[in-house]
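Residues per chain, in single letters:
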Amino acid sequence: MQTIFSWDIVKKPFYESLNLINKDFNRRSFDEIINYINIIRGNHQPIIQTSIYKNKQGGEVKFQQLGEECNEQSIIMDIINDHKREWHLSPDSSFACLVLKNKMLATLCDFDNIYKLVSKIYTAENPSYHNKVNEEFVVRELKKAGRLAMTLHNILLPLFLIVRNKTLSLSELFPIVTKSQFSLKEVREAISFLQGFSNCTLLEYVDGVRRDINGSISPKTKEIIESLFPQKMIDPNASIDSTILELSNFKRVADCSVFLSELLYINIDEFLNWMDYLHGESKLSGIDYMTCHSAKGLEFDNVLIFLEDSMLHDKNIFSELLTSDLNVTLNEKLERARRILYVSVSRAIKNASIVLFSKNNMDFNT
């Protein structure tokens, strides 16, 4: 049973009057996937799933353990490419790569330098903010983004829309053109102005905007461009890092500026990669990248799962889970790991592959 109302709305006696219905059918997956889903859940609980189809066979589930030293980008990308070849993916096949932590997600989506520095900025503001980068910065919906994420987003948005989204209308690119009279030449000049910022750092981008809008462009083009940015950011007399921290409501400016200054020297393309993720575009080269948690409710033909053998403060959590008796109720941390593994594998329709980075030697056949 899934609860769709809070206890404040529907009182306990209502729940007690309901009959429990176990979902023991699977409309999605091949038999091989369903078999492993049942193994993960264990036979101590009432739900043993079967397919709604007859003889839906031909899928595959694989386990692979690698040492912790293999948890680095080049090896992970080799594993991904090996699976793309092995699974003979067609243009219509969906392929998801699920990871346990946002740190690995940032690496695979090519904004890992930003992730590391933003994490340091949050910690410099307050040591208790060590997880803010995951809660407020690596998010897939703007409404969940924190103040720092939104400040950087608003600075980058004009360039992002020009460079990464070529389907928008002029009124979507430049809302001001619907409110005032601008010639096509002035609009084209504004587009060319933004397109000129490539292969530069964030600092060069902001400095360039500040410098050039006070240069040779026409007053009307300047009006278009100024309408796109936070006004404080295009003030040539304002410190860029201090302004970003002020707009983000950070208090410990001196401590945070140390890391923000480094952030300003990251290439603009990495920021655009982060913007892709923030706007929900996490599909690169035909692969959907996301965390195991965010994959809940989704389905893909092929799922590749990368797990690290620690979660929060718990160490060796998946190696301990996979060497435990899955047919009994386990302790809280192992049940949490079981749920993550179940959700991840059950996203697959045909093929699932699990790669665990761990220092512990294991026999996955047990």
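Just above, that's the structure.
Residues numbered from 1 in each chain as written. Predicted model: local features only at pLDDT ≥ 70, side-chain atom pairs only at ≥ 80, totals over all residues. Heavy atoms only, no water.

Enquirer: I tried to follow helix 7 (residues 147-164) on my own but got confused; where do I start?
Expert: What sets the pattern is the α-helix's 3.6 residues per turn: residues three or four places apart point alike. At L156, helix 7 shows its maximal bend, which comes to roughly 50°, and the proline P158 appears one to four places after that position. For helix 7, the set of buried residues is L148, A149, T151, L152, H153, I155, L156, P158, L159, F160, L161 and I162. (Bend = angle between axes of the 7 residues up to and from the residue. Helix = DSSP H or I, 4+ residues; strand = E, 2+ residues; numbered from the N terminus. Buried < 20%, exposed > 50% of the residue type's maximum accessible area, 1.4 Å probe, protein only.)

Enquirer: I keep staring at the nonpolar core and nothing clicks. Help me out?
Expert: Within soluble globular proteins, side chains that are nonpolar tend to cluster in buried spots. Counting residues in hydrophobic clusters, the biggest one holds 82 residues, and the most contacted among them are Y205 and F306. Residue contributions to this core peak at nine residues, all from helix 7. Split by domain, the residues of this core number at least three in each of domain 1 (15-100 + 292-358) and domain 2 (110-279). Dropping the residues within four chain positions of it, F306 is found in contact with I76, I79, I80, C97, L98, V99, L100, M104, V355 and F357. With 31 residues, the next largest nonpolar core counts A295, L307, F318 and A337 among its residues. (Core = buried A, V, L, I, M, F, W, Y, C linked by side-chain atoms within 4.5 Å. Domains from an automatic or database assignment. Contact = heavy atoms within 4.5 Å.)

Enquirer: I'm lost on the packing of aromatic side chains in this one. Help?
Expert: The way to describe two aromatic rings as a pair is by their centre distance and the angle between their planes. Applying the stated criterion across every chain yields a total of nine aromatic pairs. Consider the rings of F111 and Y277, whose centres lie 6.0 Å apart with planes at 45°: the pair is tilted. With F111 in the loop between helix 4 (102-108) and helix 5 (112-125) and Y277 in helix 14 (residues 268-278), this pair connects stretches of sequence that are 166 residues apart. For F111, a relative accessible area of 0% puts it in the buried group. Note on Y122 and F250: the rings are 5.7 Å apart at their centroids and 45° apart in plane angle, and the pair reads as tilted. Taken together, the residues span a long stretch of sequence, with Y122 in helix 5 and F250 in the loop between helix 12 (240-247) and helix 13 (253-263) at a distance of 128 residues. Judged on exposure class, the residue Y122 and its partner F250 are both buried. Chaining the aromatic ring pairs together yields one cluster made of F193, F197, Y205 and F229. (Phe/Tyr/Trp six-rings, centres within 6.5 Å; stacked < 30°, edge-to-face > 60°.)

Enquirer: Just to check I follow, could you spell out the packing of helix 9 (residues 184-195) against helix 11 (residues 219-226) for this structure?
Expert: Packed helices, taken two at a time, are described by their axes: the angle between them and the distance between them. Contact geometry of helix 9 with helix 11 gives a least axis separation of 9 Å together with a crossing angle of 55°. Relative to helix 11, the element helix 9 lies oblique. Both helix 9 and helix 11 take part in a crossing whose hand is right-handed. On the side of helix 9, the interface is formed by E186, V187, E189, A190 and F193, while helix 11 contributes K220, T221, I224 and I225. Class assignment of the residues belonging to the contact of helix 9 with helix 11 gives a composition of five nonpolar, one polar and three charged. (Axes fitted to C-alpha atoms, helices over the stretch in contact; angles between N-to-C directions. Parallel < 35°, antiparallel > 145°, perpendicular 65-115°, else oblique. Left-handed = near helix turned anticlockwise from the far one by under 90°. Nonpolar A, V, L, I, M, F, W, Y, C, P; charged D, E, K, R; others polar.)

Enquirer: Is there a simple way to explain unusual backbone geometry in this structure?
Expert: The phi torsion of most residues other than glycine is negative, and most of the peptide bonds are trans. Phi is positive for H88, close to 45°, though the residue is something other than glycine. Counting through the fold element by element, H88 comes out in the loop between helix 3 (73-86) and strand 4 (95-99). Located in the positive-phi region is N199, a residue other than glycine, with phi close to 50°. With respect to the helices and strands, N199 occurs in the loop between helix 9 and helix 10 (202-212). Of the residues examined, N199 reaches a relative accessible area of 64% and is grouped as exposed.

Treat this as a map of the structure, not an account of what it does.
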